Amino acid sequence: MSDASGTTAPTAASRRGTAHEPRRVAILSGPAYRVTGTPERVTPELAAELARVLERFAEECGFDAARPAAIEFRPGVVGHHRVGRAADIYGVCGAGMDRWKSRWDEALAEAAELPAHMAPRRLERERQRNLGWRLYNALQRLGRWSRPAGYPTQLFGPWTRSDGPWVHISDRLLRAHRDHIHVAK
Ligand SMILES: [Zn+2]
């Protein structure tokens, strides 16, 4: 695998779809979360996996039907997106993923300046309130994503290098996912 490849090549991803194009469905809102933005239509398997994980994420963060979490999707174009097997999440509750990541980085920098006994509490506070990180963490912890032969698990976002699953993500691929989370199934 070359340094540049991490997402599957369009040819590899679309091969499955050429014989008979898979059925596509909408990514639906759940009781505790609301889909916003312009989500693409995806395979029923991906839609179901997203619904399961997003609902768990929203419940864990204390959202409910009266106050649902807003999850912003935008369409992607390459690789698994071509066959409806991928989705890109750009924001949570009105803030972009890049904004959540800079808040995260600010918290790390602040913690590094604190006396050693105070740093863990500062980091724990950020883990509790940073909804971008919590969403990434939920997708990694609870999601069952595609892992094509010779490729890493198809979950990429601003936290991939620090949190995994593919800590060896290239600079190029990390940069490409600085403002959104990509998942494929
Ligand atoms: Zn994507």
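Please read these numbers as outputs of a predicted model, since none were measured by experiment.

### Focus: the overall build of the protein chain
Next, step 1: The helix and strand tally for the protein chain stands at 7 helices and 6 strands.
Next, step 2: Listed by position from the N terminus, the elements making up the protein chain come as α-β-α-β-β-β-α-α-α-β-α-α-β.
Next, step 3: Counting over 185 residues, the protein chain shows a buried share of 36%.
Next, step 4: Residue pairs in contact within the protein chain that sit at least 24 positions apart in sequence constitute 65% of those at least 6 positions apart.

### A look at unusual backbone geometry
Next, step 1: For the peptide bond that leads from Gly164 to Pro165, omega is 5 degrees, which places it in the cis range.
Next, step 2: Considering the arrangement of structural elements, one finds Pro165 in the loop between helix H6 (160-163) and helix H7 (171-176).
Next, step 3: Even without glycine at this site, Cys93 takes up a positive phi of about 50 degrees.

### Section: the confidence of the model for the protein chain
Next, step 1: Scored by pLDDT, the protein chain comes out at a mean of 92, with 90% of its residues at no less than 70.
Next, step 2: Contacts of residues 1-5 to residues separated by more than four positions or lying in other chains number 5 contacts, the stretch itself having pLDDT below 50.

### Some remarks on the packing of helix H3 (residues 97-113) against helix H4 (residues 119-129)
Next, step 1: At a closest axis distance of 9 Å, the pairing of H3 and H4 adopts a crossing angle of 170 degrees. As judged from the angle between their axes, H3 and H4 are roughly antiparallel. Residues Trp104, Ala107, Glu110 and Ala111 of H3 form the contact with H4, whose own contacting residues are Ala119, Arg122, Leu123 and Glu126.

### A short note on the pairing of strand S2 (residues 69-74)
Next, step 1: Bridge count for strand S1 (residues 33-37) against S2 is 5 bridges, and the pairing is parallel. Across the sheet, the residue bridging to Gly37 is Phe73, located in S2.
Next, step 2: Crossover connection from S1 via helix H2 (residues 44-60) to parallel S2: handedness left-handed.
Next, step 3: Inspection of the sheet shows S2 paired to strand S3 (residues 86-92) by 4 bridges, in the antiparallel sense. Residue pairing across strands places Glu72 opposite Gly91, the latter belonging to S3.

### Considerations on H3
Next, step 1: The end-to-end C-alpha distance of H3, which contains 17 residues, comes to 25 Å, matching closely the 24 Å that a straight helix rising 1.5 Å per residue would cover.
Next, step 2: Residues of H3 that are buried: Met97, Trp100 and Trp104. For H3, the angular spread of the buried residues around the axis is 60 degrees, confining them to a single face. Away from its buried face by more than 90 degrees, H3 exposes Asp105, Glu106, Ala109 and Glu113.
Next, step 3: The secondary structure elements touched by the buried residues of H3 are S3, strand S4 (95-96), H4, helix H5 (131-142) and strand S6 (181-184).

### Focus: the nonpolar core
Next, step 1: One finds Ala69, Ile71, Ala87, Leu135 and Val183 to be the most contacted residues of the largest nonpolar core, which totals 38 residues.
Next, step 2: Residue assignment for this core shows that the elements contributing at least two residues are S1, H2, S2, S3, H3, H5, strand S5 (155-156) and S6.
Next, step 3: The element that contributes the greatest number of residues to this core is H2, accounting for 7 residues.
Next, step 4: Apart from the residues within four sequence positions on either side, Val183 is in contact with Ala86, Ala87, Leu139, Gly143, Trp145, Gln154 and Leu155.

### Some details on H2
Next, step 1: Across its 17 residues, H2 extends 24 Å between first and last C-alpha, which sits within 8% of the 24 Å expected from 1.5 Å per residue.
Next, step 2: By the burial criterion, the buried members of H2 are Leu46, Ala47, Glu49, Leu50, Val53, Leu54, Phe57 and Ala58. Projected onto a plane normal to the axis of H2, the buried residues spread over an arc of 160 degrees and lie on a single side.
Next, step 3: Looking at the buried positions of H2, the neighbouring elements they touch are S1, S2, S3 and H5.
Next, step 4: Positioned one or two residues after H2, Gly62 has a phi angle of 90 degrees, which is positive.

The rules we used
- Here the residue index of a chain counts from 1 through its sequence in written order.
- Only residues with pLDDT of at least 70 get local features here, since the model is predicted, and only at 80 or more are side-chain atom pairs given and counted; chain-wide, interface and lining totals rely on the full set of residues.
- Each helix is a run of H or I in the DSSP string that is no shorter than four residues. Each strand is a run of E no shorter than two, and both are numbered from the N terminus.
- Any residue surrounded by 20 or more other C-beta atoms within 10 Å of its C-beta is treated as buried, while 12 or fewer makes it exposed and the intermediate range makes it partly exposed; C-beta atoms here are placed from the backbone.
- Residue pairs qualify as contacts under a 7 Å threshold applied to their C-beta atoms, which are placed from the backbone.
- Known as pLDDT, the predictor's confidence for each residue is given on a scale from 0 to 100.
- In this analysis an axis means a line fitted to C-alpha atoms, helices contributing only their contacting stretch, and an angle means the value between N-to-C directions, from 0 to 180 degrees.
- Here roughly perpendicular refers to angles of 65 to 115 degrees, roughly parallel to angles under 35, roughly antiparallel to angles over 145, and oblique to all remaining angles.
- If DSSP finds at least two bridges between two strands, the strands pair.
- Viewed with both strands pointing away, a crossover whose connecting path from the first strand over the helix to the second turns clockwise is right-handed.
- Multiplying one less than the number of residues by 1.5 Å gives the expected span of a helix.
- In this description, one arc is meant: the one made by directions from the helix axis to the C-beta atoms.
- Remark: nonpolar core denotes a set of buried Ala, Val, Leu, Ile, Met, Phe, Trp, Tyr and Cys residues whose joining runs through C-beta atoms within 7 Å.

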